[in-house]
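Chain by chain, the residues:
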Amino acid sequence: MEIVQPKDLEQSLGLAKRRHAELCRQNRIFNARNRIIGGDAEAWDIQLHDQKIKEATEKAKHETFAAEMRRSDKTACILEDRKRRDRKNLCKAITDFQQSLQKPESRREFDLSDPLALKKDLPARRSDDDIRNTVSGMQRFMGEDLNFHERKKFQQEQNREWSLQQQREWKNARADHKCAEDLYVKTRLQFDETAKQLQNLESATRRAVRVAVQEFNKSQALESAERKSLEKKQEQENNLAEISNLLRGDLLSENPQQAASSFGPHRVVPDRWKGMSREQLEQIRLVQKQQVQEKLRLQEEERQRDLEWDRQRVQNARAAVLSERQRRRQQRDLRRALDDSNLGLAREQLLQKKLMKEVCTDHPTEDYFTQFNTRSR
C-alpha cells in the first residue's frame, strides 16, 4: 500500500488547479458568445454602462422631441381647421357676391350662351347705310356705290386737311431750320471772338516770356563772364604760387632726407620718395635670383612627385584589372558549380515527387483535422 505524502497532495492540488484553469480557459476561448480573452472586462462593463446611460438619454431626448412633435401636430391641426373654416366662409361670401352682383346677364360673354339670343338679335339688314352689310353678307354688291357723293365729299375734305397739315409742317420746319442756322452762326461768331481773344492773350504772354528770358540770359551771361575772369585770375595766382613752392622746396632738390618717415628708418613718405639707391637695387636683384632658383627647385620636386603618383596610379589600375579578372573567373566557376548543384537538386526533387506519388496513396480524412485545436495552448 502506497503512503500519500504531503508532496503528492501538493502536486495533486496543483494539477487539479491547472486542469480547472485549463477548463475555464477553454470555456472562454471556445465559447464564441462569452469570449473575453484579449480585452478588459471591467472596461467593457463600464463602456456598456455608459452606452446604456447614453441610450437612456437619447430615449428621453426622443420622447421630448415626440412630445414636442405631438404638440406641434395638435397646433397644426387646430390651424388647419381654422384655415378650412376661413376658406369655407370665403367661398360662401364669394358665392353670395356672385349671386347678388355678378349675375349671368351682366357678363361680357353672356351673349354667346344667351337662350333668348335669337329673339334679341337684330334683323340682317336695316337699310343701305347699315354698317353690318359686309361683303360676305351679300347685302351690298359692287357697282351700287350708294354713298358716292358723301364719300367723295369726305375724301376731298380729307385731302384738304392733309394739304393744310403738310403746309403747316413745312412752315414749322423752315422756321426751325432758320432758327437753328441763326443759332449756329451766332455760336460760331462767339467761338471765333473767344478764340481771337485767347490768341491775342497767348501772343502777349509769349512776348512777355521771351523778354523775361532774354533779360535773364543776359544777366546770366554777365555773371558767367565775371565768374570766369575771377576763376582765371585765381588760377594764375595759384599756378605762380605752386611753381614758386616747387622751386624752393625739397621735391625738386633731390634731397633724400625729405622722404624719411617719422615711423621708422625702414619706412618712407610715398609722395616725397625719389627711388631706391644702387645698393638697394643690387640687394633686390640678388633676392629675386634666389627666389627664381627656389621656384625651379620646387617645380622639379613637384614634377618628380607627379611622376611617382602616375606610376603608383598605373600600378594600382593594373592590379585592379587583374583583381577584376580573378573575381570574374571565380564568379564564373561558382555560377557553374551552382548550376550543376541546382540541376542535381532538381533531378532529386523530381525523383522524390515520383516516389511520393507512388508511396503516398492515402488522403487525409475528417478525423485527421479534428485532432487539432483541442487545447487552449
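Every value quoted in this text rests on a predicted model; they were computed, and no experiment measured them.

**Some remarks on the overall build of the protein chain**
Link 1 in the chain: For the protein chain, the count of helices and strands is six helices and two strands.
Link 2 in the chain: Reading the helices (α) and strands (β) of the protein chain from amino to carboxyl end gives α-α-α-α-β-β-α-α.
Link 3 in the chain: The 377 residues of the protein chain split such that 3% are buried.
Link 4 in the chain: Long-range pairs, those at least 24 residues apart, make up 23% of the contacts in the protein chain between residues at least 6 apart in sequence.

**Considering a nonpolar patch on the surface**
Link 1 in the chain: Together, Y184, V185 and L189 line one region of the surface with nonpolar side chains, adding up to about 340 Å² of accessible area.
Link 2 in the chain: Take Y184: it is sitting in helix α4 (residues 148-248).

**Remarks on the confidence of the model for the protein chain**
Link 1 in the chain: Residues with a pLDDT of 70 or more make up 82% of the protein chain, whose mean pLDDT is 82.
Link 2 in the chain: For the protein chain, strand β1 (residues 260-261) is the element with the lowest average pLDDT, namely 68, and helix α5 (residues 278-359) is the one with the highest, namely 90.

**A word on the pattern of salt bridges**
Any two side chains of opposite charge can pair if their charged atoms end up close together.
Link 1 in the chain: This structure, assessed with the given rule, holds 14 salt bridges.
Link 2 in the chain: Residue D81 pairs with R84 through a salt bridge whose shortest N-O separation is 2.8 Å. One end of the pair, D81, and the other, R84, are both in helix α2 (residues 41-101), three residues apart, so they sit about a helical turn from each other.
Link 3 in the chain: With a relative accessible area of 34%, D81 lands in the partly exposed category.
Link 4 in the chain: For R311, the salt bridge identified is with E308, shortest N-O distance 2.1 Å. One end of the pair is R311 and the other is E308, both in helix α5 and three residues apart, which spans about a single turn.
Link 5 in the chain: Assessed through its relative accessible area of 40%, R311 is described here as partly exposed.

**A word on the side chain of D114**
Link 1 in the chain: Among the structural elements, D114 can be located in the loop between α2 and α3 (117-120).
Link 2 in the chain: Of note is the side chain of D114, whose polar atom sits 3.2 Å from the backbone nitrogen of L116.

Rules behind the numbers
Residues numbered from 1 in each chain as written. Predicted model: local features only at pLDDT ≥ 70, side-chain atom pairs only at ≥ 80, totals over all residues. Heavy atoms only, no water. Helix = DSSP H or I, 4+ residues; strand = E, 2+ residues; numbered from the N terminus. Buried < 20%, exposed > 50% of the residue type's maximum accessible area, 1.4 Å probe, protein only. Contact = heavy atoms within 4.5 Å. Patch = residues over 30% accessible without salt bridge, like charges linked within 9 Å, V, L, I, M, F, W, Y side chains within 5 Å. Areas by Shrake-Rupley, 256 points an atom, 1.4 Å probe, with all protein chains shown as cover. Salt bridge = Lys/Arg side-chain N within 4 Å of Asp/Glu carboxyl O. pLDDT = per-residue confidence, 0-100. Polar contact = N/O pair within 3.5 Å; in protein donor to acceptor, adjacent residues only side chain to side chain.

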